[in-house]
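A closer look at the structure
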Number of protein chains: 2
Amino acid sequence: MHKIGRQTIRFPNPPSISNTASIVGPKEAEGPLKIYFDKVETDDTCGETSYEKAEECICYTAIQMLLQKEKLQATDIDYYLGGDLLNQIISTSFTAQKIAIPFFGLYNACATFSEGMQLAACLVSGQFAKNVIVSSSSHFSSAERQYRSPLESGVQRKMTAQWTVTGSGAIVISDQQKSPYITHITTGIVQDYGVKEADNMGTAMAPAAVETIIAHFNDTGFQPKDYDLIITGDLGTIGKEISMDLLSREGFDVSNIFTDCGVEIFNEEQDTHARGSGAGCSAVVFSGYIYKKLRNKELNRVLFVPTGALLSPTTTLQGDSIPCIAHAVTIENEPQLGRG
Amino acid sequence: MHKIGRQTIRFPNPPSISNTASIVGPKEAEGPLKIYFDKVETDDTCGETSYEKAEECICYTAIQMLLQKEKLQATDIDYYLGGDLLNQIISTSFTAQKIAIPFFGLYNACATFSEGMQLAACLVSGQFAKNVIVSSSSHFSSAERQYRSPLESGVQRKMTAQWTVTGSGAIVISDQQKSPYITHITTGIVQDYGVKEADNMGTAMAPAAVETIIAHFNDTGFQPKDYDLIITGDLGTIGKEISMDLLSREGFDVSNIFTDCGVEIFNEEQDTHARGSGAGCSAVVFSGYIYKKLRNKELNRVLFVPTGALLSPTTTLQGDSIPCIAHAVTIENEPQLGRG
């Protein structure tokens, strides 16, 4: 057994993240990370007739770019794992139909990208696959009308609300000897602290992020100082502050190395309120920014912790609180075994 | 690498399906398989205030029954993999919150159960887990109002329509030496032959079932005669006929050993039209009927092929056709390696 604790696997033969691709919409391309994304869609409809089809288009395009970068054909890929925020994960399912790779559809909301990384890493490390593609996407306009209100309604957004990222990130996890590598994964247990406001998801998700990060430290024996960067998925400004506070109370001082993909992707002037969110948020920030920093050795060991709010409009209408999850992945340029 | 073809893995150390649990609603308990189910809810609301909460209740109950049967605590289970048909797989996600097991949410529509079996088998065989629970559920009334029309509308159902099973099935896949075992898995590639009618899903899904079954035969070298039973997920009467016809044209005569979970769960007199469907359909037929026949050696080698229609109400309204998938799992009492 490769488990080193209730929630953590340490890979004896760490799989490689051998390449990534990222595509974002116009607003994301005006943010601080603009230089890191591979492609920008200046028209957020991608020339399609609906926002759902636009999201499918960016999902498909990210994978096509990835295959081209790696000089791989779809037939070289053993499995495609992915998901998105739309009902029945249609962006991903329709993309799977076009690319014709054996397909596992996933849904852990905005933690779907790291859910896919974890399962893909097990498939490669367990010698069930040589190359696995993982992708996740979201689109501001398709998410707004499904989860909140159609844009045409012009509903005012609360200051706690986050802005769903328009973008898609895709990666190849493979058995190549090529850094960086996935060395540990810590799988989330769903947390629900009773938050019911669908426009305050950073607050809802923070305990899930904290639970997973602490489980990771406990299972592995790592400490904050062992990481160059610990970056959550899409807690936004409010959830980030809560998480740092909760971690500090539990004795983990992460102040110098902790941030959040949703915080990083937009700047203060972009008027997103609590910054970015969405299944595509952590996917593009990883595939663009984090991966390139790892490749050029500006970062050497990262804990990547996408967070997901597992609500639906139906559960919100029925008065339920928001169950949340976070899955953590350790990515290292030079794998060193944990002390767990 | 344990792949023996584009879509198939052969497990060198086949994982055990060490136990199952099934729960169904009142209509399913009037069908031909009634004696095989562990529990019947005579009230399809389960005493809850909504059909969605009722579905969550049966999903949770199946897992509780399973843990009791196996004398296991939730803390003995390494991972919970599951999904359902509701938007954002809320039945499963809310169950995951209650049972507090590291969670991977899945969505491949009515093929979710075998998607989970495949990934769970890889986790166990790859020594990433000792015990994994897989579950899938559906509920007639929650599905009707989400995918079609609320029951209160009294809309007449087409004769090609199928009846979503109210039920949940859950299994433990483990590293125990206890038959039956999962010996091979063949993962589906999404197929779309242009069917657009959301009330004729058997027709839409048949090509996906056939593609996966033929890929399985080609990858493994098995022939129909090697199986005691080949059973698809929820093609219903129409999809079953189409599949047998397509297989026959490709040279595979399965006439004596082929059926479908949706066909078996209801009888002609129950007025379901094209019989059963739903993510819970194959889950309860497997967890109830098939598993018990395997345990008492009436069946010794089964190819189980749940099928999924990856549409959403949004894609139907936008005029899209229905992408479909099928995942096949070989379950054997006495593992014999394929010739592939």
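If you're wondering where the values come from, they're calculated on a predicted model, not measured in any experiment.

Focus on the overall build of chain A
Along the backbone of chain A there are 9 helices and 16 strands. Here chain A has a C-alpha radius of gyration of 18 Å; the compact-globule value for 340 residues is 20 Å, and the two agree. Each of the three principal axes of chain A carries a C-alpha extent, and together these read 55 × 50 × 35 Å. Counting only residues that meet the buried cut, chain A has 68% of its 340 residues in that class.

Topic: the environment of B:Val285
Residue and element names in this part refer to chain B. Note on placement: Val285 falls in helix 8 (residues 279–295). Taking the C-alpha atoms as reference, Val285 lies 8.2 Å from Glu264; in sequence the two are 21 residues apart. If we skip the residues at most four places from it in the chain, Val285 touches Leu33, Phe37, Ile231, Cys261, Ile265 and Ile290.

Overview of the interface of chain A and chain B
Every contact between the two is made by 65 residues of chain A and, on the other side, 66 residues of chain B. Surface buried jointly by chain A and chain B totals about 5,200 Å² across both partners, of which 61% is contributed by carbon and sulfur atoms. Sorting the residues of chain A by area buried against chain B places A:Arg6, A:Gln88 and A:Phe128 first, and these three jointly supply 15% of that buried surface. For the pair chain A and chain B, the number of links is 4 salt bridges. Close ionic contact of B:Lys53 with A:Asp320 constitutes a salt bridge, the shortest N to O distance being 2.7 Å. In this assembly, chain A and chain B are joined by 28 residue pairs in polar contact (both at pLDDT 80 or more). Where the side of chain A that touches chain B is concerned, the elements lending two or more residues are helix 1 (51–70), helix 2 (90–99), strand 5 (103–105), helix 3 (112–125), helix 4 (140–147) and helix 9 (313–317) of chain A. For the side of chain A that touches chain B, the per-class residue count stands at 32 nonpolar, 23 polar and 10 charged.

Details of the pairing of strand 2 (residues 16–24) of chain A
It is a general feature of regular strands that their side chains alternate between the two faces of the sheet. Residue and element names in this part refer to chain A. Among the 9 residues of strand 2, 9 are classified as buried, and the element is accordingly described as predominantly covered. Of the strand pairs in this sheet, strand 2 and strand 8 (residues 167–174) are connected by 8 bridges, and their pairing is antiparallel. Each bridged residue has a counterpart across the sheet, and for Thr20 the counterpart in strand 8 is Ile171. As paired strands, strand 2 and strand 3 (residues 39–40) are joined by 2 bridges and run parallel to one another. Within strand 3, the residue paired with Val24 across the bridge is Val40.

Concerning the relation of the copies chain A and chain B
Laying chain A over chain B is done by rotating through 180° and shifting 0.0 Å along the axis; what remains is an RMSD of 0.0 Å. Here the symmetry operator amounts to a two-fold rotation axis. Taken as a fraction of all interface residues of chain A, those also at the interface in chain B reach 100%, which identifies the copy contact as same-surface.

Structural notes on the pattern of salt bridges
Residue and element names in this part refer to chain A. What the rule picks out here adds up to 32 salt bridges over all chains. Of the charged contacts, one joins Lys292 and Asp38 as a salt bridge, the two residues approaching to 2.8 Å between their closest N and O atoms. Here Lys292 is found in helix 8 (residues 279–295), whereas its partner Asp38 is found in the loop between strand 2 and strand 3, with 254 residues between them in sequence. The class for Lys292 is partly exposed, based on a relative accessible area of 26%. Measuring nitrogen to oxygen at the nearest pair gives 4.0 Å for the salt bridge that ties Lys39 to Glu41. The class of Glu41 is buried, set by a relative accessible area of 15%. Overlapping salt bridges bring together Asp38, Lys69 and Lys292 as one network.

Observations concerning helix 1 of chain A
One turn of an α-helix holds 3.6 residues; hence residues three or four places apart share an orientation. All names here are of chain A. Its 20 residues give helix 1 an end-to-end C-alpha distance of 29 Å, which sits within 8% of 28 Å, the value for a rise of 1.5 Å per residue. Most of helix 1 is tucked away, with 15 of its 20 residues classed as buried. Positive phi shows up at Lys71, right after helix 1, with a value of about 50°.

Quick word on the side chain of B:Thr272
Residue and element names in this part refer to chain B. Here Thr272 is to be found in the loop between helix 7 (261–265) and strand 12 (276–277). From its side chain, Thr272 meets the backbone nitrogen of Arg275 in a polar contact 3.3 Å long. Leave out the neighbours within four places in its chain, and Thr272 touches Lys27, Arg157, Ala161, Gln162, Trp163 and Phe266.

Focus: empty space enclosed by the protein
All chains considered together, the criterion is met by 8 cavities of 30 Å³ or more. Each pocket or cavity is described by its volume, and for the largest cavity that value is around 110 Å³. Lining the largest cavity are 15 residues; nearest its centre among them are B:Leu85, B:Cys110, B:Tyr147, B:Arg148 and B:Met201. Split by domain, the residues of the lining of the largest cavity number at least three in each of domain 1 (8–174) and domain 2 (181–332) of chain B. Taken as a whole, the second largest cavity holds about 100 Å³ of empty space. Lining the second largest cavity we find 14 residues, and of these A:Leu85, A:Cys110, A:Tyr147, A:Arg148 and A:Met201 sit closest to its centre.

Overview of the side chain of B:Asn108
Along the chain, the position of B:Asn108 falls in the loop between strand 5 (103–105) and helix 3 (112–125). Residue class for B:Asn108 comes out buried when judged on its relative accessible area of 0%. Of the polar contacts made by the side chain of B:Asn108, one reaches the side chain of B:His327; its length is 2.7 Å. Beyond its immediate stretch of four places on either side in the chain, B:Asn108 contacts A:Phe103, A:Phe104, A:Gly105, B:Glu115, B:Gly308, B:Leu310, B:Ile325 and B:His327.

A look at the domain arrangement of chain A
Residues and elements named next belong to chain A. Each assigned domain of chain A is listed with its residue range as follows: domain 1 (8–174) and domain 2 (181–332). Centre-to-centre separation of domain 1 and domain 2, based on C-alpha positions: 17 Å. Residue-level contacts link 58 residues of domain 1 with 61 residues of domain 2. Each partner contributes to the roughly 4,800 Å² buried at the junction of domain 1 and domain 2, and carbon and sulfur atoms together form 62% of this total. Among the residues of domain 1 in contact with domain 2, Thr8, Gln118 and Gln162 are the three that bury the most area, contributing 16% of the side total. The tally of links between domain 1 and domain 2 comes to 2 salt bridges.

Focus: the packing of aromatic side chains
Residues and elements named next belong to chain A. This model, assessed by the stated rule, comprises 22 aromatic pairs over all chains. With 6.3 Å between their ring centres and 50° between their planes, Phe113 and Phe286 make a pair best called tilted. Of the two residues, Phe113 is situated in helix 3 and Phe286 in helix 8; the sequence distance between them amounts to 173 residues. Of the two residues, Phe113 and Phe286, both sit in the buried class.

Let's talk about the packing of helix 5 (residues 201–220) of chain A against helix 6 (residues 236–249) of chain A
Residue and element names in this part refer to chain A. The contact between helix 5 and helix 6 brings their axes to 8 Å, and the two run at 40°. Looking at the two axes, helix 5 sits oblique to helix 6. Crossing geometry of helix 5 relative to helix 6 is assigned as right-handed. Only Ile238, Gly239, Ile242, Ser243, Leu246 and Leu247 of helix 6 make contact with helix 5, whose side of the interface consists of Gly202, Thr203, Ala206, Pro207, Ala209, Val210, Ile213 and Ile214. Looking at the contact of helix 5 with helix 6 residue by residue, the classes come out as 10 nonpolar, 4 polar and no charged.

Conventions and cut-offs
Residues numbered from 1 in each chain as written. Chains lettered and ligands numbered in written order. Predicted model: local features only at pLDDT ≥ 70, side-chain atom pairs only at ≥ 80, totals over all residues. Heavy atoms only, no water. Helix = DSSP H or I, 4+ residues; strand = E, 2+ residues; numbered from the N terminus. Rg over C-alpha atoms; globule rule 2.2 N^0.38 Å. Buried < 20%, exposed > 50% of the residue type's maximum accessible area, 1.4 Å probe, protein only. Contact = heavy atoms within 4.5 Å. Buried area = accessible area lost by both parts, 1.4 Å probe. Salt bridge = Lys/Arg side-chain N within 4 Å of Asp/Glu carboxyl O. Polar contact = N/O pair within 3.5 Å; in protein donor to acceptor, adjacent residues only side chain to side chain. Nonpolar A, V, L, I, M, F, W, Y, C, P; charged D, E, K, R; others polar. Pairing = 2+ DSSP bridges. Least-squares fit on C-alpha atoms with pLDDT ≥ 70 in both. Expected span 1.5 Å × (residues − 1). 1 Å grid on protein atoms, 1.4 Å probe; cavity = no way out; pocket = protein on both sides within 12 Å on 5 of 7 lines; lining within 4 Å. Points joined across faces, edges and corners; volume = space filled by probe spheres on them. Domains from an automatic or database assignment. Phe/Tyr/Trp six-rings, centres within 6.5 Å; stacked < 30°, edge-to-face > 60°. Axes fitted to C-alpha atoms, helices over the stretch in contact; angles between N-to-C directions. Parallel < 35°, antiparallel > 145°, perpendicular 65-115°, else oblique. Left-handed = near helix turned anticlockwise from the far one by under 90°.

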